[in-house]
Amino acid sequence: MTGSRVVALGHYQPAKVLTNDDLAAMVDTSDEWITSRVGIKTRHVGGPDEPVDELAAHAGAKALAAAGLQPSDIDLVLVATSTAIDRSPSMSARVAARLGMESPAVMDINVVCSGFTHALAVADHTIRAGAATRALVIGADKMGDIADWTDRTTCVLLGDGAGAAVVTADPSAPDTPGGPGIGPVLWGSVPEMGNAVRIEGTPPRFAQEGQSVYRWATTQLPPIARKVCEKAGITPEDLAAVVLHQANLRIIEPVARKIGAVNAVIARDVVDSGNTSAASIPMALSKLVERGEVASGAPVLLFGFGGNLSYAGQVIRCP
């Protein structure tokens, strides 16, 4: 069976940076309070003239350029997002139009913070089934649009951005230890706890039960992440990098430690970008690759978690 692999990445963030001191002028908070509780120093926030599909298209264009491909080469576009206000045209259709694609299949995937790893699995499965050969997979969210800027417990977390991956068919990418492709996904959810993270109302607003999410993430997710490695035929010690959903540094660090990836670079883009939901994993990985912190072909664990109390992870080979 034909496998698939990630061949290139790209990311994009709005130019405006909101610091902790900026937030302290808006709500009752401080740089010390934010840093000590969530580890975030800055976040990027887009304006009203920067819709989600524009962020996504910028990231997608960069990934295509890095792959040496034209928009017409893509036959599947998947956009993971939970901040698309309009139902139709979808973000994926709008991205395809912005990039001048010819006739790709287009689908949006809303699994909130674990959206990108779900979308990457869908692209992998679609290519394996022979229904596509080259996919553009994007995670993009404007969390600033759904933030309650009067709630100091949540608004300090959120940022805007997009990350993209080009995924292509690869007959030499079997699911074997050391294989160069996208490993098997392990995904699931905890439906009875789904209300712990919410984007509800008109206009929609983000809210969460922070302590419940923290306890679930730090206690339940590490063994699941280790099983992702097992499905890929490697051990956590083999990992060159771990890219978790960039929710909160106080979640990322204990989860990464409990996974046991003692030789891995741990992505900490949350410090500079905040929680960008579905954008966080591809954006953080793209930056690691851009800085040369992970070698091409090295095994990387991607693990998304959050809204719906859903999770999805896979081991990929770094492009």
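Provided above is the structure to which this section pertains.
These notes cover the structure that comes with them. The model shown is predicted, which means the values in this text are computed figures rather than measured ones. (Residues numbered from 1 in each chain as written. Predicted model: local features only at pLDDT ≥ 70, side-chain atom pairs only at ≥ 80, totals over all residues. Heavy atoms only, no water.)

One finds Leu239, Leu244, Leu301, Phe303 and Phe305 to be the most contacted residues of the largest nonpolar core, which totals 49 residues. Broken down by secondary-structure element, the contributors of at least two residues to this core are helix 2 (31-38), helix 6 (210-232), strand 11 (241-244), helix 7 (249-259), strand 13 (299-306) and strand 14 (310-317). No other element matches helix 6, which puts nine residues into this core. Ranked by size, the runner-up nonpolar core spans 32 residues in total, among them Leu9, Ala80, Val111 and Val294. (Core = buried A, V, L, I, M, F, W, Y, C linked by side-chain atoms within 4.5 Å. Buried < 20%, exposed > 50% of the residue type's maximum accessible area, 1.4 Å probe, protein only. Helix = DSSP H or I, 4+ residues; strand = E, 2+ residues; numbered from the N terminus.)

In this section: the packing of aromatic side chains. For the structure shown, the criterion picks out two aromatic pairs. Ring centres of phenylalanine 303 and phenylalanine 305 lie 6.4 Å apart, and the angle between their planes is 40°; on these two criteria the pair is classed as tilted. With relative accessibility at 1%, the residue phenylalanine 305 sits in the buried group. The cationic tip of arginine 152 hangs over the ring face of tryptophan 33; the distance from NZ or CZ to the ring centre is 4.4 Å. (Phe/Tyr/Trp six-rings, centres within 6.5 Å; stacked < 30°, edge-to-face > 60°. Lys NZ or Arg CZ within 6 Å of the ring centre and 35° of its normal.)

Relative to the elements of secondary structure, serine 310 occurs in strand 14. Residue classification places serine 310 among the buried residues on the basis of a relative accessible area of 3%. Side chain to side chain, serine 310 and serine 114 meet in a polar contact 2.8 Å long. Every residue in contact with serine 310, bar those within four places of it in the chain, is listed here: Val111, Ser114, His118, Gly188, Ser189, Trp216, Gly304 and Phe305. (Polar contact = N/O pair within 3.5 Å; in protein donor to acceptor, adjacent residues only side chain to side chain. Contact = heavy atoms within 4.5 Å.)

Moving on: the pattern of salt bridges. Counted according to the given criterion, the structure contains 11 salt bridges. One salt bridge in this structure joins arginine 198 and glutamate 209, with 3.7 Å as the shortest N-O distance. One end of the pair, arginine 198, is in strand 9 (residues 197-200); the other, glutamate 209, is in the loop between strand 10 (205-208) and helix 6, with 11 residues separating them in the sequence. In this structure glutamate 209 comes out as partly exposed when scored by relative accessible area, which is 40%. (Salt bridge = Lys/Arg side-chain N within 4 Å of Asp/Glu carboxyl O.)

As a further point, take the sheet that holds strand 6 (residues 134-142). Spatial ordering of the open sheet is given by 1-7-6-4-5, a layout of five strands whose pairing is mixed. Each edge of the open sheet carries a strand with a single partner, namely strand 1 (3-12) and strand 5 (105-109). Strand after strand, the sheet turns through a mean of 20° between neighbouring axes, direction not considered. Relative to strand 6, strand 4 (residues 76-80) runs parallel, the two sharing five bridges. Across the sheet, residue valine 79 finds its bridge partner in strand 6, namely isoleucine 138. Docked against the sheet, helix 3 (residues 52-67) engages strand 1, strand 6 and strand 7 (160-170), running at close to 125° with respect to strand 1. This element, helix 9 (residues 280-290), spans strand 1, strand 6 and strand 7 of the sheet and lies at about 90° to strand 1. (Pairing = 2+ DSSP bridges. Axes fitted to C-alpha atoms, helices over the stretch in contact; angles between N-to-C directions.)

Another point: the sheet that holds strand 14. The five strands are arranged 8-14-13-11-12 in an open sheet whose pairing can be described as mixed. The two strands at the open ends of the sheet, each matched to only one other strand, are strand 8 (186-189) and strand 12 (265-266). Strand direction decides the pairing type here: strand 8 and strand 14, joined by four bridges, are antiparallel. The residue of strand 14 that forms the bridge with tryptophan 187 is alanine 312. Its contacts with the sheet place helix 6 against strand 8, strand 13 and strand 14, and it is angled at close to 145° to strand 13. Of the strands in this sheet, strand 11, strand 12, strand 13 and strand 14 are in contact with helix 9, which crosses strand 11 at around 150°.

The quantities given are spatial measurements derived from coordinates; they are silent on function.
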